Amino acid sequence: MKIFLVGIGGIAMGNLAYMLKSQGHDVSGSDQNLYPPMSDKLEEWGLSPKSGYRKENVKGADLVIIGNAISRGNPEVEEVLNTGIEYMSMAEAIGHFFLKGKKPIVISGTHGKTTTTFLTHWILESIGLKPGLFVGGIRKDGFPGFALGDGDYFVIEGDEYDSAFFDKSSKFLHYRPYYLVMNALDFDHADIFANLDAIKVMFKRLLNLVPSRGKVFYWKGSKNLAEITKDYQHAPVESFELGDKNSIFKYEKGILTEIRTKTKLKPSLIGSHNYRNVEVAVRVCLEIAPQKRKEILEAVESFPGVKRRQENLYVSETSLLVEDFAHHPVAIQETIKAHKEAYPGYKIISLFEPRSATSHRNVFQDDFAKCFKGSDVSIVTEVYQVDKVSKSLRLNVKKLVKDIKSNTKKESIYAPTPKDIPSLLRKILPKYKKEKLIILAMSNGAFGGIYSELKSLMETRESL
């Protein structure tokens with residue numbers, strides 16, 4: 001087929017373009033303001049995208065795939081609608097071209113999707129099953145978030161965000177789950193969901209797609225997941241939790257132990273939230289290959305981790321700089337807790353940029369004020385692109401900083417922009433000259449490009 005992708009420069013869309021080309025399709029696409037790394041990757045893959053959107057670009061296409069960021073008024077969209085060219089969302093295209101005839105393992109939930117997806121794929125690949133993969137991230141060893149796979153299984157991140165301007169249902173409803181993992185269910189994506197109940201509707205629809213020969217795995221600690229699975233009878237349902245009677249692992253004092261053999265594991269991941277990810281990934285893989293238990297456990301220890309998830313950017317005997325994707329109150333709380341447990345005796349300076357569509361709204365005003373427990377200093381920037389949300393809906397960061405201080409009884413500081421953080425740290429770091437210290441930078445964006453400055457500060461902090 002001759003396939004054209006509108007918005008090809010997004011990471012997921014670019015990866016999909018390469019996968020389609022690898023299947024033998026004639027693939028092209030367009031985007032506006034293309035920039036590295038995806039612009040370089042597209043050129044490397046021989047896709048040479050068109051810069052800018054023009055109606056003539058889609059002429060002659062058998063199918064047009066329209067990205068999530070594209071809306072009505074786009075010249076290519078208007079031409080597709082006016083001429084009757086076949087079109088799909090990215091999620092629909094993945095289901096149509098890559099999941100037919102497979103047993104998809106859909107990893108869903110408002111937290112932990114990317115890590116659990118990569119880990120499940122890593123284990124299945126390690127035991128020789130050659131699974132496919134589609135996930136919004138990059139492994140720490142540089143492996144991208146996609147693989148065609150030659151086997152029966154396809155591991156995919158089940159994103160609850162909507163699919164396209166013409167399809168406001170969640171992406172994961174296109175993914176044909178055979179095995180379904182639900183890691184967590186909290187309110188998120190306030191730009192598209194009115195409330196928690198609206199998200200629950202999508203998860204209930206996803207649950208209803210699992211065949212009777214498949215299986216559902218859900219985190220027992222989530223009251224919302226327990227609620228939506230309570231009366232479900234169409235496929236086997238199995239809850240998971242660390243240390244309960246059916247668990248593979250128990251977690252105590254920062255140590256993960258396999259219960260059957262008392263083997264202590266040392267995965268690259270830290271924290272109870274990540275060890276729950278390990279628990280369910282191993283559960284799924286044992287469901288598929290129970291005879292490979294030893295190899296599955298070995299694969300857990302060799303997993304390299306995921307970039308921007310607990311990624312150590314600087315490490316010395318007394319200093320640690322960590323980048324993490326945390327941007328939801330639950331994720332921030334778990335990330336701080338994990339580092340507190342893994343590095344006893346270290347002081348923690350938490351840096352947070354409210355950048356996501358939900359975090360820059362005041363829906364989590366009170367929750368953000370409570371999630372920095374464990375930090376010795378918290379620095380919070382003004383919301384990213386402050387004019388994108390009205391004042392009545394916007395997170396009040398100055399109030400938040402005061403409330404964090406009140407709740408933690410520790411120092412809490414307002415930063416107008418990320419670029420103000422290094423100068424603030426230069427004043428703070430001398431107080432911790434003799435302490436072991438972690439700087440934990442949490443954002444789902446680029447954090448103003450300050451990471452190189454943060455590294456320099458950590459390298460020289462003993463001399464400040």
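Remember, predicted model here, so these are calculated numbers, not experimental data.

What counts as what
Residues numbered from 1 in each chain as written. Predicted model: local features only at pLDDT ≥ 70, side-chain atom pairs only at ≥ 80, totals over all residues. Heavy atoms only, no water. Axes fitted to C-alpha atoms, helices over the stretch in contact; angles between N-to-C directions. Helix = DSSP H or I, 4+ residues; strand = E, 2+ residues; numbered from the N terminus. Parallel < 35°, antiparallel > 145°, perpendicular 65-115°, else oblique. Left-handed = near helix turned anticlockwise from the far one by under 90°. Contact = heavy atoms within 4.5 Å. Nonpolar A, V, L, I, M, F, W, Y, C, P; charged D, E, K, R; others polar. UniProt positions renumbered as here; feature names shortened; annotations may be inferred. Phe/Tyr/Trp six-rings, centres within 6.5 Å; stacked < 30°, edge-to-face > 60°. Buried < 20%, exposed > 50% of the residue type's maximum accessible area, 1.4 Å probe, protein only. Lys NZ or Arg CZ within 6 Å of the ring centre and 35° of its normal.

Asks: For this particular structure, what's the right way to read the packing of helix 1 (residues 11-22) against helix 4 (residues 90-98)?
Replies: The angle between the axes and the distance between the axes are what describe a pair of packed helices. Taken N-terminus to C-terminus, the directions of helix 1 and helix 4 make an angle of 25 degrees; their axes are 11 Å apart at the nearest point. In terms of orientation, helix 1 and helix 4 fall into the roughly parallel class. The crossing of helix 1 and helix 4 is left-handed. Each of Ala 12, Met 13, Leu 16, Met 19 and Leu 20 in helix 1 lies in contact with helix 4, whose residues at this interface are Met 90, Ala 93, Ile 94, Phe 97 and Phe 98. Partitioned by chemical class, the residues of the contact of helix 1 with helix 4 number 10 nonpolar, no polar and no charged.

Asks: Where do I start with the UniProt feature "domain: Mur ligase central" (unreviewed entry) in the chain in this structure?
Replies: Within this numbering scheme, the UniProt entry marks residues 107-284 as carrying the feature "domain: Mur ligase central" (unreviewed entry). For residues 107-284, the helix share is 26%, the strand share is 25%, and the end-to-end C-alpha distance is 10 Å.

Asks: Is there a simple way to think about the packing of aromatic side chains in this case?
Replies: Any two aromatic rings considered together are summarised by their centre-to-centre distance and by the angle between their planes. Enumeration over the complete set of coordinates arrives at 15 aromatic pairs. Between the aromatic rings of Tyr 18 and Phe 146, the centroid separation amounts to 5.6 Å while the plane-to-plane angle is 65 degrees, which identifies the pairing as edge-to-face. Taken together, the positions of Tyr 18 in helix 1 and Phe 146 in strand 8 (residues 146-147) put the pair 128 residues apart, joining distant regions of the chain. Taking relative accessible area as the criterion, Tyr 18 reaches 29% and is therefore assigned partly exposed. A relative accessible area of 9% places Phe 146 in the buried class. For the ring pair Phe 364 and Phe 368, a centre distance of 6.0 Å and an interplane angle of 80 degrees mean the geometry is edge-to-face. When its relative accessible area of 8% is taken as the criterion, Phe 364 is described as buried. Joined through ring pairs, the aromatic side chains of Phe 187, Phe 352, Phe 364, Phe 368 and Phe 372 make up one cluster. Above the plane of the ring of Trp 219 lies Arg 276, whose end atom (NZ or CZ) is 3.9 Å from the centre. Against the face of Phe 325 rests Arg 309, its NZ or CZ located 4.1 Å from the ring centre.

Asks: What is the right way to look at the UniProt feature "domain: Mur ligase N-terminal catalytic" (unreviewed entry) in the chain in this model?
Replies: Mapped onto the present numbering, the UniProt feature "domain: Mur ligase N-terminal catalytic" (unreviewed entry) falls on residues 5-97. The span residues 5-97 carries 39% helix and 18% strand; its end-to-end C-alpha distance comes to 14 Å.

Asks: Would you explain the environment of Tyr 432 in this entry?
Replies: By the element assignment, Tyr 432 lies in the loop between helix 13 (421-428) and strand 23 (437-442). Classification of Tyr 432 by relative accessible area gives buried; the value is 12%. A C-alpha to C-alpha distance of 8.8 Å links Tyr 432 and Arg 461, two positions 29 residues apart in sequence. Residues within four places of Tyr 432 in sequence aside, it is in contact with Lys 347, Asp 376, Val 377 and Arg 461.

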